[in-house]
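Residue-level listing of the chains:
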Amino acid sequence: MQSKQGSEKRGTVSWQGLWMKLRHSEQIMVKQDVPHAGQGCIDKHRLIVALDGSGSIEIDASCYPVKEGEAWLLLPGQSCSFYIVSSRKLTCHALAFEVYREAESEDGEAITLHRTTLPFAGRVTCLSQPTLRMRCGSIGEAWEQTDARSRFRAQTQLQELMYELLPDSQCAASEDSLETLEQTRLYLDGHYQESWTIEKLAAMAGLSPSYAPWIT
């Protein structure tokens, strides 16, 4: 992932025999920098939904501005951290899940499940902020009940949410460049004492390092 607009790793989703198993649901209140958020689920896919506020998300070694109404898909093994300006806040909902694909026997009497990985990652915004908030809230409430019926409902709601997110994620529109630069400026205002490289600043602003005269 080298830039905001180019952060999405793309591929074609095959829906045949595909299903997902929710393993964890958590709301994260970011009042200060949170390094290595969600590392306990790093071996799973994670959907990070920004519900309120703004800040930055660092995926592996690249930073991107993030604001409410955005969703980010992380593949197993990808690290994730959140950063905010000291006077601001960021509320996110994190859903950790595993992805499986069914393989049916020749006689059709047995089904084998194989764990697989989705063919893309990155920003998957395609729903309105109120819709994302409602869906995450509903999944979270059902998951917290812990009884089998409620957990089953949370599973079905995850399937529905991912169904709505995956097709449109193939053509996620790039954000307005001025807004992205403003978010980057606000972030720098709160982290001016840190050391920065042109590559990292360019990634936050969604620019190539070679097209970043505003940094110098």
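Residues numbered from 1 in each chain as written. Predicted model: local features only at pLDDT ≥ 70, side-chain atom pairs only at ≥ 80, totals over all residues. Heavy atoms only, no water.

### What about the packing of aromatic side chains?
Inference 1: Per the stated rule, a full pass over the model turns up two aromatic pairs.
Inference 2: Ring plane angle 25° and centroid distance 5.3 Å describe the contact between Trp 19 and Tyr 100, whose orientation is recorded as stacked. In this pair, Trp 19 is assigned in strand S1 (residues 18–30) and Tyr 100 in strand S6 (residues 90–104), connecting sequence segments 81 residues apart.
Inference 3: The class for Tyr 100 is buried, based on a relative accessible area of 14%.
Inference 4: Stacked on the ring of Trp 143, the Lys or Arg Arg 151 has its end atom at 3.7 Å from the ring centre. (Phe/Tyr/Trp six-rings, centres within 6.5 Å; stacked < 30°, edge-to-face > 60°. Helix = DSSP H or I, 4+ residues; strand = E, 2+ residues; numbered from the N terminus. Buried < 20%, exposed > 50% of the residue type's maximum accessible area, 1.4 Å probe, protein only. Lys NZ or Arg CZ within 6 Å of the ring centre and 35° of its normal.)

### Here we look at unusual backbone geometry
Inference 1: With phi around 70°, Thr 146 is a residue other than glycine that occupies positive phi space.
Inference 2: What makes Thr 146 exposed here is its relative accessible area of 57%.

### A closer look at the confidence of the model for the protein chain
Low pLDDT means the predicted coordinates in that region are not meant to be read closely.
Inference 1: Per-residue confidence for the protein chain averages 76 on the pLDDT scale, and 65% of its residues sit at or above 70.
Inference 2: Of the regions scoring below 50 in pLDDT, residues 1–7 engages in 27 contacts with residues more than four places distant in sequence or in other chains.
Inference 3: In the predicted structure, residues 168–177 sits below a pLDDT of 50 and forms 22 contacts with residues beyond four places in sequence or in another chain. (pLDDT = per-residue confidence, 0-100. Contact = heavy atoms within 4.5 Å.)

### A few points about the nonpolar core
Inference 1: Counting 28 residues, the largest nonpolar core has Met 20, Leu 47, Phe 97, Leu 118, Leu 161 and Met 162 as its most contacted members.
Inference 2: When residues of this core are traced back to their parent elements, those giving at least two are S1, strand S2 (45–59), strand S4 (71–74), S6, helix H1 (129–144) and helix H2 (148–169).
Inference 3: Top contributing element to this core by residue count: H2, with six residues.
Inference 4: Ignoring any residue separated from it by four or fewer positions in sequence, one finds Met 20 in contact with Phe 97, Glu 98, Val 99, Leu 118, Gln 155, Leu 158, Gln 159, Met 162 and Leu 166.
Inference 5: Core analysis: the second largest hydrophobic core is formed by 16 residues, Ala 50, Tyr 64, Val 66 and Phe 82 among them. (Core = buried A, V, L, I, M, F, W, Y, C linked by side-chain atoms within 4.5 Å.)

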